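The chain contents come next:
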Amino acid sequence: MSTPPVTPSDAKPEADAAPRATTRLETLESLLRRALGDTIRTLVVANGELTLVVAPDDYLATARVLHDDPVLGFEELLDLCGVDYQGYGDGAWTGLRFAAVSHLLSMSNNWRLRLRAFAVDDDFPVLPSLSEIWSSANWYEREAFDLYGIVFDGHNDLRRILTDYGFVGHPFRKDFPISGNVEMRYDPEQKRVIYQPVTIEPREVVPRVIREEGYGGMK
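A short tour of the structure in this document, coming up.

### Brief notes about the nonpolar core
Judged by nonpolar contacts, the single largest core of 34 residues is most densely connected at Leu-32, Leu-52, Tyr-59 and Leu-66. Contacts of Leu-52, omitting those with residues within four sequence positions, involve Leu-36, Ile-40, Thr-42, Leu-43, Thr-62, Leu-66, Leu-113, Arg-114, Leu-115 and Arg-116. Listed in part, the 5 residues of the second largest apolar core include Tyr-85, Ala-99, Val-101 and Phe-118.

### A word on the packing of aromatic side chains
Per the counting criterion, the structure on display carries 4 aromatic pairs. A ring pair is formed by Tyr-85 and Tyr-88, whose centres lie 5.6 Å apart and whose planes are at 90°; its orientation type is edge-to-face. Aromatic side chains Phe-167 and Phe-176 sit 5.9 Å apart centroid to centroid with 20° between the ring planes, which places their arrangement in the stacked category.

### Structural notes on the pattern of salt bridges
If you walk through the whole model with that rule in mind, you get 7 salt bridges. When the shortest N-O distance is used, the salt bridge between Asp-175 and Arg-97 registers 3.2 Å. Residue Asp-175 is found in the loop between β7 (151-153) and β8 (182-187), and its partner Arg-97 is found in the loop between β3 (76-84) and β4 (98-106); the two are separated by 78 residues along the sequence. By relative accessible area, Asp-175 is classed as partly exposed at 47%. Between Arg-160 and Asp-146 there is a salt bridge, with the nearest N and O atoms lying 2.6 Å from each other. You can see Arg-160 sitting in the loop between β7 and β8 and its partner Asp-146 sitting in helix α4 (residues 137-148), a full 14 residues away along the chain.

### Some thoughts on unusual backbone geometry
Both trends apply: most residues other than glycine have a negative phi, and most peptide bonds are in trans. You will see that Asn-110, though not glycine, has its phi angle at about 55°, which is positive. Take Asn-110: it is sitting in the loop between β4 and β5 (111-118). Among the residues examined, Asn-110 registers a relative accessible area of 55% and is labelled exposed. Phi at Lys-191 takes a positive value of approximately 55°, unusual for a residue other than glycine. Considering the arrangement of structural elements, one finds Lys-191 in the loop between β8 and β9 (192-197).

### Some thoughts on the sheet that holds β4
Strands sit in the order β1-β2-β5-β4-β3 across an open sheet of 5 strands; the sheet is mixed. Looking at which strands have only one partner, the edges of the open sheet turn out to be β1 (40-46) and β3. Across the sheet, the mean angle from the axis of one strand to that of its neighbour is 20°, orientation sign disregarded. Where β3 and β4 come together, 8 bridges link them in antiparallel fashion. Counted as the bridge partner of Asp-79 is His-103 from β4. Its contacts with the sheet put helix α2 (residues 24-36) on β1, β2 (49-54) and β5, and the angle it makes with β1 is roughly 175°.

What counts, and where the lines are drawn
- Throughout, a residue's number is its position along its own chain's written sequence, starting from 1.
- In view of the model being predicted, local features appear only for residues whose pLDDT reaches at least 70, and side-chain atom pairs are presented and counted only at 80 or more, with totals across whole chains, interfaces and linings using the full set of residues.
- As a rule here, side-chain values cover all heavy atoms of the structure and leave hydrogens and water aside.
- Residue types Ala, Val, Leu, Ile, Met, Phe, Trp, Tyr and Cys, when buried and joined through side-chain atoms within 4.5 Å, form a set referred to as a nonpolar core.
- Only protein chains enter the calculation, and the probe is 1.4 Å; a residue is then buried if its accessible area is under 20% of its type maximum, exposed if over 50%, and partly exposed in between.
- Residue contacts are counted whenever heavy atoms from the two residues lie within 4.5 Å of one another.
- What counts as a ring pair is set by centres within 6.5 Å for rings of Phe, Tyr and Trp (its six-membered ring), and what kind of pair is set by the plane angle: stacked under 30 degrees, edge-to-face over 60, tilted for all other angles.
- The working definition used for a salt bridge is a side-chain nitrogen of Lys or Arg within 4 Å of a carboxyl oxygen of Asp or Glu.
- A run of H or I in DSSP becomes a helix once it reaches four residues, and a run of E becomes a strand once it reaches two; helices and strands are each numbered from the N terminus.
- DSSP calls a pair of strands paired once it identifies at least 2 bridges connecting them.
- Comment: axis = line fitted to C-alpha atoms, over the contacting stretch for helices; angle = value between 0 and 180 degrees taken between N-to-C directions.

Below you can see the structure in the form of structure tokens.
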């Protein structure tokens, strides 16, 4: 007895027999959406990691969930830094300037997360401190305060950590002058270190031959 031919309707797709495995990033994304719900502003994959953006009002509560939830288990804060987005993407990316970006690690689950929150006031940027959740945030937030001027509400010792006490301004802001605002020198008459307005004259540091003729003689 001959076997009837197989028609296209009888054929079963090979993918049905072997469904695609869920990746680790997809699993983490699903867990985050379930745990955080509407507090998520954006949640996207960037550079092989998930980047979670939340509103400043939800920043502290979100961090507590990420740390305390046993399923998520982000017990380590590896880094926290300030970012100045002035002029980024012609100003059309977020409309806000200063943000704190944290890098979290779950040792138990072997996954990472990038957490970002923007301060709503560019003139006086303020965000909640995460130092009570992750103790490592203490020095990182001091650094972001020193270099970017981001104030972390609830930090118990928010003071400069890299620049001097008399330093004026925040040197990593994009509008900070390259030569600075003040300079420090030892005054032999007063026998102490003093600060004074910068006296460095702007000068052209590119050799004239390169400026006029172009690199390698090519215009």
